[in-house]
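Breakdown of the fold
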Amino acid sequence: MNEILESLYRRKSVRVYEDRPVDAEMKRAILEAACQAPSAGCQQLYTILDITDQSLKDALAKTCDDQPFIATAPVVLVFCADCRKWYDAYVEAGMKPRNPGPGDMLLAVTDTAIAAQNAVVAAESFGLGSCYIGDILEQYEAHRNLLHLPEWVMPAVMLVIGWPTQQQLEREKPQRAPMDCIVHENGYRHMDGKELRAMFDGRTGQKDFDSWMQMFCARKYEVDFSREMSRSVGKYLEDLEKKIVHT
């Protein structure tokens, strides 16, 4: 296995960091790697916010489901799906472009997530730990105001990066599902109950499949933050649709 593959297999989310900064040149290299990510039409439909203001870190720790480690992370990056810059560039060229719609924003989200993953791989190459914060999608109204985001710019991905503690380095990486459960040849196929149960073999700890699944559903899927995330994203896309209709 080559070095890059080893890094991908080794990488796990890190939520506890040593109290030491990330070198400025190292952070710049991570950001440069993010900007080298594949992008639809080479448009780079994203803007990366480097959050250095402690008051903003503190606020994000609260709004992103009360996760204090965000406030103490040496590096906090918010990756925004951004259709604004290209719209403004079209206007600058004397054009009257249509308003960006849901399809444009979803394409931008894809660009954004790819750039974030490049940053994760780059951080791992330096021995740094990282964690995705999906909660940045919650409360988009609050985050739009907090980060001064204009129309057609959406906070899509958040990353925190720092030096992992020894406990985090030694912590076992959560088991992934078997590849056969993830990779389907030529088309999607529904897995039957037996296959679904097999997908979670060894992943439910001391609990049986039914008990573990019920607990996970209540903790991750039916919980308030998950409903709020769906509301926020749905409202954002709904607002975009309304603006298209009225222009």
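Scope of this entry: the structure provided in the associated data block. Since the structure is predicted, the reported quantities are computational estimates derived from the model, not experimental observations.

Points about the overall build of the protein
Along the backbone of the protein there are twelve helices and four strands. Dimensions of the protein along its principal axes, counting C-alpha atoms only, are 60 × 45 × 35 Å. Residue burial in the protein is summarised as follows: out of 247 residues, 37% are buried. Look at the contacts in the protein between residues 6 or more apart in sequence, and 79% of them connect residues 24 or more apart. Of the accessible surface of the protein, which amounts to about 14800 Å², a share of 55% is contributed by carbon and sulfur atoms. Taking the average location of the 29 positive side-chain charges in the protein and that of its 37 negative ones, the two points are 2 Å from each other.

A closer look at the side chain of Ser 232
Within the secondary structure, Ser 232 sits in helix 12 (residues 224-245). At a separation of 2.9 Å, a polar atom in the side chain of Ser 232 contacts the main-chain amide nitrogen of Gln 139. If near-sequence neighbours (up to four positions away) are discounted, Ser 232 is found in contact with Leu 137, Glu 138, Gln 139, Tyr 140 and Glu 141.

Looking at the packing of aromatic side chains
Taken as a whole, this structure holds five aromatic pairs when the rule is applied. Taking 6.0 Å as the distance between ring centres and 55° as the angle between the ring planes, the aromatic pair formed by Trp 86 and Tyr 90 counts as tilted. Placement of the pair is Trp 86 and Tyr 90 together in helix 5 (residues 84-92), with a separation of four residues, close to one helical turn. The exposure class assigned to Trp 86 is partly exposed, which follows from its relative accessible area of 33%. We classify Tyr 90 as partly exposed; its relative accessible area is 32%. Here Trp 212 and Phe 216 contribute two aromatic rings whose centre-to-centre distance is 5.1 Å and whose plane-to-plane angle is 20°, an arrangement assigned as stacked. Taken together, the residues span about one helical turn, with Trp 212 and Phe 216 both in helix 11 (residues 209-221) at a distance of four residues. Among the aromatic side chains, those forming a connected cluster through ring pairs are Phe 200, Phe 209, Trp 212 and Phe 216. A cation sits over an aromatic face here: Arg 20 above Trp 163, 4.1 Å from the ring centre.

A word on the nonpolar core
Grouped together as the largest cluster of nonpolar side chains are 33 residues, with contacts concentrated most on Ile 30, Phe 79, Met 105, Leu 128 and Ile 161. Looking at this core, the elements with two or more residues in it are helix 2 (24-35), strand 2 (75-82), helix 6 (102-125), strand 4 (153-162) and helix 12. By residue number, the principal contributor to this core is helix 6, which donates eight residues. The residues contacting Phe 79, other than those within four sequence positions of it, are Ala 34, Thr 47, Ile 48, Thr 112, Ala 115, Ala 116, Ala 119, Met 154, Pro 155, Ala 156, Val 157 and Leu 159. Among the nonpolar cores identified, the runner-up in size contains 21 residues, and Ile 51, Ala 71, Val 76 and Leu 149 belong to it.

What counts and what doesn't
Residues numbered from 1 in each chain as written. Predicted model: local features only at pLDDT ≥ 70, side-chain atom pairs only at ≥ 80, totals over all residues. Heavy atoms only, no water. Helix = DSSP H or I, 4+ residues; strand = E, 2+ residues; numbered from the N terminus. Buried < 20%, exposed > 50% of the residue type's maximum accessible area, 1.4 Å probe, protein only. Contact = heavy atoms within 4.5 Å. Areas by Shrake-Rupley, 256 points an atom, 1.4 Å probe, with all protein chains shown as cover. Lys, Arg positive; Asp, Glu negative; His and termini not counted. Charge placed at Lys NZ, Arg CZ, Asp CG, Glu CD. Polar contact = N/O pair within 3.5 Å; in protein donor to acceptor, adjacent residues only side chain to side chain. Phe/Tyr/Trp six-rings, centres within 6.5 Å; stacked < 30°, edge-to-face > 60°. Lys NZ or Arg CZ within 6 Å of the ring centre and 35° of its normal. Core = buried A, V, L, I, M, F, W, Y, C linked by side-chain atoms within 4.5 Å.

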